[in-house]
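Chain by chain, the residues:
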Amino acid sequence: MKKLICVFSLLMLVGTISTSCREKKTAGEKIGDGIEEVGDGIGDAVDNTVDKVDDAVKE
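Residues numbered from 1 in each chain as written. Predicted model: local features only at pLDDT ≥ 70, side-chain atom pairs only at ≥ 80, totals over all residues. Heavy atoms only, no water.

Draft legend 1. Representation of the overall build of the chain in the model. The number of helices and strands found in the chain is two helices and zero strands. For the chain, the C-alpha radius of gyration of 26 Å lies well beyond 10 Å, the compact-globule estimate for 59 residues. The principal-axis extent of the C-alpha atoms belonging to the chain is close to 80 × 30 × 5 Å. Burial status across the chain gives 0% buried among its 59 residues. (Helix = DSSP H or I, 4+ residues; strand = E, 2+ residues; numbered from the N terminus. Rg over C-alpha atoms; globule rule 2.2 N^0.38 Å. Buried < 20%, exposed > 50% of the residue type's maximum accessible area, 1.4 Å probe, protein only.)

Draft legend 2. Quick look at the pattern of salt bridges. What the rule picks out here adds up to one salt bridge. A salt bridge links Asp-33 to Lys-25, with the nearest nitrogen and oxygen atoms 2.5 Å apart. (Salt bridge = Lys/Arg side-chain N within 4 Å of Asp/Glu carboxyl O.)

Draft legend 3. Geometry of a nonpolar patch on the surface. Taken together, the side chains of Leu-10, Leu-13, Val-14 and Ile-17 define a hydrophobic patch exposed on the protein surface, amounting to about 380 Å² of accessible area. With respect to the helices, strands and loops of the structure, Ile-17 is situated in helix H1 (residues 2-20). (Patch = residues over 30% accessible without salt bridge, like charges linked within 9 Å, V, L, I, M, F, W, Y side chains within 5 Å. Areas by Shrake-Rupley, 256 points an atom, 1.4 Å probe, with all protein chains shown as cover.)

Draft legend 4. The arrangement of the environment of Ile-35 in detail. Summarising the element assignment, Ile-35 is placed in helix H2 (residues 27-58). In this structure Ile-35 comes out as exposed when scored by relative accessible area, which is 59%. With 18 residues separating them in the primary sequence, Ile-35 and Ile-17 have C-alpha atoms 33 Å apart.

Draft legend 5. Molecular detail of a negative patch on the surface. Among the surface-exposed residues, Glu-36, Glu-37, Asp-40, Asp-44, Asp-47, Asp-51, Asp-54, Asp-55 and Glu-59 lie close enough to one another that they form a single negatively charged patch. Along the polypeptide, Asp-44 turns up in helix H2. (Lys, Arg positive; Asp, Glu negative; His and termini not counted. Charge placed at Lys NZ, Arg CZ, Asp CG, Glu CD.)

If you want it as structure tokens, here you go:
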């Protein structure tokens, strides 16, 4: 019975440690990440447009 309690306690400890170490972002960090993603998307769209214009001019 003691071994069962020890094993159960160890599993609970490992589960608690592994779930409590998650990094939580603040609202400001989430907004900053969103702005970066939008900026990256705009940059990609500009690059694609430039490539298409270059291809059209070459033809």
